[in-house]
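Residue-level listing of the chains:
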Amino acid sequence: MSHDNGGPALGYPLTAPNALAAPEEWGELRASCPVAPVTLPSGDRAALLTRYADVKQVLADPRCTRQLDAEGAARISADDTGGVFNSEMAASLNGAGQQRWRRMLTKWFTAKRMAALRPTIEAMAVRLVDEMIAHGHPADLKAAVGFPLPVWVICDLLGVPAADRDRFSRWSDMLLNLTRYDQREIATAQRNFHAYMTAHLETRRRDPGEDLLSSLLTATDADGGRLTDDQLAATGQALLIAGHETTANMIGKMMALLLADRRRWEQLVADRSLVRTAVEEVLRFDANAGFGMPRYVTDDIEVAGTVLARGTTLVCSMAAANRDEETFAGADAMSLDRSPNPHLAFGSGPHSCLGQSLARTELQVVLDVLLHRLPTLELAVPAGELRRIEGLVVGGLREVPVRW
């Protein structure tokens, strides 16, 4: 594998033998080519990082920015926008306002607040699981539980009426898909969503509730700054996109991974106190995690002994880094009681996932409810036949067929 930019480049994303397996190249790249030239779906070139230490270094380095609209930055997909990472929504939340926005939202996503939300999430999960049981098996666990739960939770956070949940699901799906919808459909979805959020903000301004948006409408930063209406609408969109598909897909993948090897499920049924560490291990072990984190280099930096010139676009594969033997003993096997588990599923550094305590709560609750209600749960197809979703920025399975 060549290190110079003129050499042959792997096509990225890499393909894996099946929906739950890791691409075979990860191990080779970590061992011999930690900074690997790759070609993105757009045809543009980037450098792929697969080692834990390198990914962590880049995610913490202020010279590795999210300025993916910079002159010369690689485009992710071939359409004009460069995909979701370059969208207007990303633009309105980047830059100077980004830190203010993060500070204001961080107060909302504390572990303490999430603990308070837990009973609500649990009641939602129980209701969805009970409905799935009532409909009988085989069932698609992703469609029955994985997909609706995070939308319900986000709508609850945003104070969106339950009647509008289905529209939210549809928008979320369209805004995150790189290949299934054309540019016109995506632009329309973005407009409709923005219009909905703007109207919803007006309603909340007149009639504030206990929700996140109501509190952000009146919140001021330490320096007295407020979020603009555009930023507030974009916040709704960002939370939906970041919190819906990722968690919906993760619920499906979590269950598929735990059921793919019966011993994992039996271990949890026998000892439900492992739920917390099992969720962390599933997050670490998930090989189908989607695109990874693109970064644009604004100044020459050195990574793994390679100098990366200003203007390079990097792709950090957190999923590959999470399989690095240097950091995780027995990295290629799942160990449900692994602790500590400093995986990078939620990123790292100043841009690590804001909603990670919410995602963790949802995953733990779903797993707990399913262990309790359906200890005999099993996959209804062989694990090797599970099908991945094509074209989604966040990796996922099309369905997770189960019986009990």
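Small disclaimer: the values here were computed from a predicted structure and weren't measured. Throughout this document, residue positions are counted from 1 along each chain, in the order its sequence is written. At least 70 in pLDDT is required for a residue's local features to be given in this predicted model, at least 80 for side-chain atom pairs to be given and counted, and no such filter applies to totals for whole chains, interfaces and linings, which use all residues. As a convention, hydrogens and water are excluded, and side-chain values are obtained from all of the structure's heavy atoms.

Draft legend 1. Focus on the packing of helix H5 (residues 111–135) against helix H16 (residues 356–373). Fitting a line to C-alpha atoms yields each axis, with helices limited to the stretch in contact; the angle taken between N-to-C directions then spans 0 to 180 degrees. Secondary structure counts use DSSP, requiring at least four H or I residues in a row for a helix and at least two E residues in a row for a strand, with both numbered from the N terminus. Axis separation between H5 and H16 bottoms out at 8 Å; the angle between their running directions is 40°. Taken as axis vectors, H5 and H16 run oblique relative to one another. As H5 packs across H16, the resulting crossing turns out to be right-handed. Where H5 approaches H16, its residues Ala111, Met114, Leu117, Arg118, Ile121, Glu122, Ala125, Val126, Val129, Asp130, Met132 and Ile133 are matched on the opposing element by Ser357, Leu358, Thr361, Glu362, Gln364, Val365, Val369, Leu370 and Arg373. Of the residues assigned to the contact of H5 with H16, the class counts are 13 nonpolar, 3 polar and 5 charged. Here the word oblique covers every angle except those under 35 degrees (roughly parallel), over 145 (roughly antiparallel) and from 65 to 115 (roughly perpendicular). Note: crossing handedness is left-handed where the near helix turns anticlockwise from the far helix by less than a right angle, and right-handed where it turns clockwise. Residue contacts are defined here by distance: any two heavy atoms, one from each residue, within 4.5 Å place the two residues in contact. When residue character is reported, Ala, Val, Leu, Ile, Met, Phe, Trp, Tyr, Cys and Pro are called nonpolar, Asp, Glu, Lys and Arg charged, and the others, Gly included, polar.

Draft legend 2. A look at the nonpolar core. By nonpolar core we mean a set of buried residues, namely Ala, Val, Leu, Ile, Met, Phe, Trp, Tyr and Cys, connected to one another through side-chain atoms within 4.5 Å. Each residue's exposure class comes from its accessible area (1.4 Å probe, protein chains only) as a fraction of the maximum for that residue type: buried when under 20%, exposed when over 50%, partly exposed otherwise. In this structure, Phe168, Leu367 and Leu370 are the most contacted members of the largest nonpolar core, which totals 86 residues. Ranked by residue count, the leading element in this core is H16, at 9 residues. Leaving out residues up to four positions away in the same chain, Leu370 has contacts with Val129, Met132, Leu141, Met255, Trp265, Pro375 and Leu377. The next biggest cluster of nonpolar side chains, apart from the first, holds 19 residues, and it includes Val58, Cys64, Ile301 and Ala321.

Draft legend 3. Seen up close, the sheet that holds strand S2 (residues 35–39). Two strands qualify as a pair provided that DSSP identifies no fewer than 2 bridges between them. If you walk across this open sheet you meet the 6 strands as S1-S2-S3-S9-S6-S4, and the pairing is mixed. Taken across any chain shown, the strands that pair with only one partner, and hence form the sheet edges, are strand S1 (10–11) and strand S4 (64–65). Of the strands in this sheet, strand S3 (45–49), S4, strand S6 (293–297) and strand S9 (313–316) touch helix H2 (residues 52–60), which is tilted by about 125° from S9.

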